[in-house]
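Structural overview
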Amino acid sequence: SAVISQKPSRDICQRGTSLTIQCQVDSQVTMMFWYRQQPGQSLTLIATANQGSEATYESGFVIDKFPISRPNLTFSTLTVSNMSPEDSSIYLCSGEKVPGETQYFGPGTRLLVL
Amino acid sequence: GNSVTQMEGPVTLSEEAFLTINCTYTATGYPSLFWYVQYPGEGLQLLLKATKADDKGSNKGFEATYRKETTSFHLEKGSVQVSDSAVYFCALSLDTGGFKTIFGAGTRLFVKA
């Protein structure tokens, strides 16, 4: 298994600013993912964080808005850039030890943009 | 395309009632199937999984059987508790030149004492 922590757990930000969310895993994982979850809704995959190379973004998400880093097998960051109220959401990090198998999730970062 | 459809919630039950949450999927290939649970204020955690047809996943009194003929993976529990109140997500994972996990919309369960 894997235990995932995220920082910050929540934040309130002003529009036009940026926030970087950190995701730390207690053991090595092969794959890491970033999701967005609107209240009461399902998860939307933003991107797959690739170690040592550029992230793979899903349709509708771009690197300029959501830059992602993954310097090693246990850590990743997601930045939400130039925020607007529409970016208010819960952002979840997850990891897989074996591709296609169980995903381990962090507790989420609750973001409110004013 | 690949997708997961689960019954809309919320589902409200009394303690000790029988629970069924329906889940059907569409997939080009042979996916692995999962149920995840999300308790209030937390991330998702795996509840159970099944990797091939006729497999039964089980955990904490919950069960689901991988039915290829009906493309279903319904979640059941014989006697729910208040502590089971959460959101339940059905999901599939498939290798499409790289594994992707697709989540259903989630079903919120309320259990009353």
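Going by the structure above, here's the rest.
Residues numbered from 1 in each chain as written. Chains lettered and ligands numbered in written order. Predicted model: local features only at pLDDT ≥ 70, side-chain atom pairs only at ≥ 80, totals over all residues. Heavy atoms only, no water.

Here we look at the overall build of chain B
Note the cut-off: Each helix is a run of H or I in the DSSP string that is no shorter than four residues. Each strand is a run of E no shorter than two, and both are numbered from the N terminus. The reference for a compact globule is 2.2 Å times residues^0.38; the radius of gyration itself is calculated from the C-alpha atoms. Whether a residue is buried, partly exposed or exposed follows from its accessible area with a 1.4 Å probe, protein chains only, as a fraction of its type maximum: under 20%, in between, or over 50%, in that order. Any pair of residues with heavy atoms lying within 4.5 Å of one another is described as a contacting pair. Note on areas: Shrake-Rupley with a 1.4 Å probe; residue coverage comes only from the protein chains shown.
The number of helices and strands found in chain B is 0 helices and 12 strands. Secondary structure of chain B in N-to-C order comes out as β-β-β-β-β-β-β-β-β-β-β-β. In terms of overall size, chain B behaves like a compact globule, its C-alpha atoms giving a radius of gyration of 14 Å where 113 residues would be expected to give roughly 13 Å. Here the C-alpha coordinates of chain B stretch approximately 45 × 30 × 20 Å along the principal axes. Counting every position in chain B, which comprises 113 residues, the buried fraction comes to 43%. Taking as baseline every contact in chain B between residues at least 6 positions apart, the subset at least 24 positions apart corresponds to 55%. When the accessible surface of chain B is summed, it comes to about 5,400 Å², and 48% of that surface belongs to carbon and sulfur atoms.

Structural notes on the interface of chain A and chain B
Selection rule: As a working definition, buried area equals the accessible area (1.4 Å probe) given up by two parts on being put together, with both sides summed. A side-chain nitrogen of Lys or Arg and a carboxyl oxygen of Asp or Glu constitute a salt bridge if their distance falls within 4 Å. Between N or O atoms, a polar contact is any pair within 3.5 Å; within protein, one atom must be a potential hydrogen donor and the other a potential acceptor, and residues adjacent in sequence are included only when both atoms are from side chains. Note on residue classes: Ala, Val, Leu, Ile, Met, Phe, Trp, Tyr, Cys and Pro are nonpolar, Asp, Glu, Lys and Arg are charged, and everything else, Gly too, is polar.
Counting residues at the interface gives 18 residues for chain A, matched by 19 residues for chain B. Interface area for chain A against chain B, summed over the two sides, is near 1,400 Å², with a carbon-plus-sulfur share of 50%. Among the residues of chain A in contact with chain B, Gly100, Thr102 and Phe105 of chain A are the three that bury the most area, contributing 28% of the side total. In this structure, the connection of chain A to chain B is made through 2 salt bridges. Between Glu101 of chain A and Lys49 of chain B there is a salt bridge, with its nearest N and O atoms 2.7 Å apart. Summed over the shared surface of chain A and chain B, the number is 9 residue pairs in polar contact (both at pLDDT 80 or more). Elements with a minimum of two residues in the side of chain A that touches chain B: β4 (31-37), β5 (43-49), β9 (89-96) and β10 (103-105) of chain A. Residue classes in the side of chain A that touches chain B are distributed as 7 nonpolar, 7 polar and 4 charged.

Re the sheet that holds strand β3 (residues 19-25) of chain A
Residues and elements named next belong to chain A. In plain terms, the rule: We treat two strands as partners when DSSP finds at least two bridges between them. Angles shown run from 0 to 180 degrees and are taken between the N-to-C directions of axes, each axis being a line fitted to C-alpha atoms and, for helices, limited to the stretch in contact.
Strand order across the open sheet formed by 4 strands is β1-β3-β8-β7, with antiparallel pairing between neighbours. Across the chains shown, the open sheet's two edge strands, defined by having one partner strand only, are β1 (4-7) and β7 (68-72). Taken over all neighbouring pairs, the strand axes of this sheet differ in orientation by 15° on average, direction set aside.

So, empty space enclosed by the protein
Under the convention used in this document: Using a 1 Å grid laid over the protein atoms alone, points where a 1.4 Å probe fits but cannot get out form a cavity; open sets with protein on both sides within 12 Å along at least 5 of 7 lines form a pocket; any residue with an atom within 4 Å of a point counts as lining. Grid points are joined across faces, edges and corners, and a volume is the space filled by probe spheres set on the points.
Following the criterion strictly, the structure yields 1 cavity of 30 Å³ or more and no others. Reported here for the largest cavity is a volume of approximately 40 Å³. Contributing to the lining of the largest cavity are Phe33, Tyr35, Leu45 and Gln103 of chain A together with Phe99, Lys100 and Thr101 of chain B. Residue assignment for the lining of the largest cavity shows that the elements contributing at least two residues are β4 of chain A together with β11 (99-103) of chain B. Residue contributions to the lining of the largest cavity peak at 3 residues, all from β11 of chain B. For the lining of the largest cavity, the class distribution of residues is 4 nonpolar, 2 polar and 1 charged.

What to know about the nonpolar core
Operational definition: Throughout, nonpolar core names a set of buried Ala, Val, Leu, Ile, Met, Phe, Trp, Tyr and Cys residues whose side chains join them through atoms within 4.5 Å.
Grouped together as the largest cluster of nonpolar side chains are 27 residues, with contacts concentrated most on Leu19, Trp35, Leu47, Leu48, Phe73, Leu75 and Tyr88 of chain B. If you list the elements that add at least two residues to this core, you get β2 (11-14), β3 (19-21), β4 (23-26), β5 (32-38), β6 (44-50), β8 (62-65), β10 (86-95) and β12 (107-112) of chain B. If you tally residues by element for this core, the top one is β10 of chain B, at 5 residues. In this structure, Leu75 of chain B is in contact with Leu19, Thr20, Ile21, Trp35, Leu47, Leu48, Phe62, Glu63, Ala64 and Tyr88 of chain B, ignoring residues within four places of it in sequence. By size, the runner-up hydrophobic cluster in this structure holds 25 residues, among which are Ile46, Val80, Tyr91 and Val113 of chain A.

Structural notes on the packing of aromatic side chains
The geometry of two aromatic rings is summed up by the distance between their centres and the angle between their planes. Threshold: Each pair of aromatic rings taken from Phe, Tyr and Trp, with Trp reduced to its six-membered ring, is defined by centres within 6.5 Å and is described as stacked if the planes are under 30 degrees apart, edge-to-face if over 60, and tilted in the remaining cases.
In this structure the tally under the stated criterion is 10 aromatic pairs over all chains. Here the aromatic rings of Tyr35 of chain A and Phe105 of chain A are separated by 5.7 Å at their centres, their planes lie at 40°, and the arrangement is tilted. Here Phe105 of chain A lies in strand β10 and Tyr35 of chain A lies in strand β4, a separation of 70 residues in the sequence. With a relative accessible area of 9%, Phe105 of chain A lands in the buried category. Ring plane angle 80° and centroid distance 6.1 Å describe the contact between Tyr25 of chain B and Tyr66 of chain B, whose orientation is recorded as edge-to-face. You can see Tyr25 of chain B sitting in strand β4 and its partner Tyr66 of chain B sitting in the loop between β8 and β9 (75-77), a full 41 residues away along the chain. For Tyr25 of chain B, a relative accessible area of 8% puts it in the buried group. Overall, the relative accessible area of 2% leaves Tyr66 of chain B in the buried class. Grouping aromatic residues by their ring pairs yields a cluster made of Phe33, Tyr35 and Phe105 of chain A together with Phe34, Tyr36 and Phe103 of chain B.

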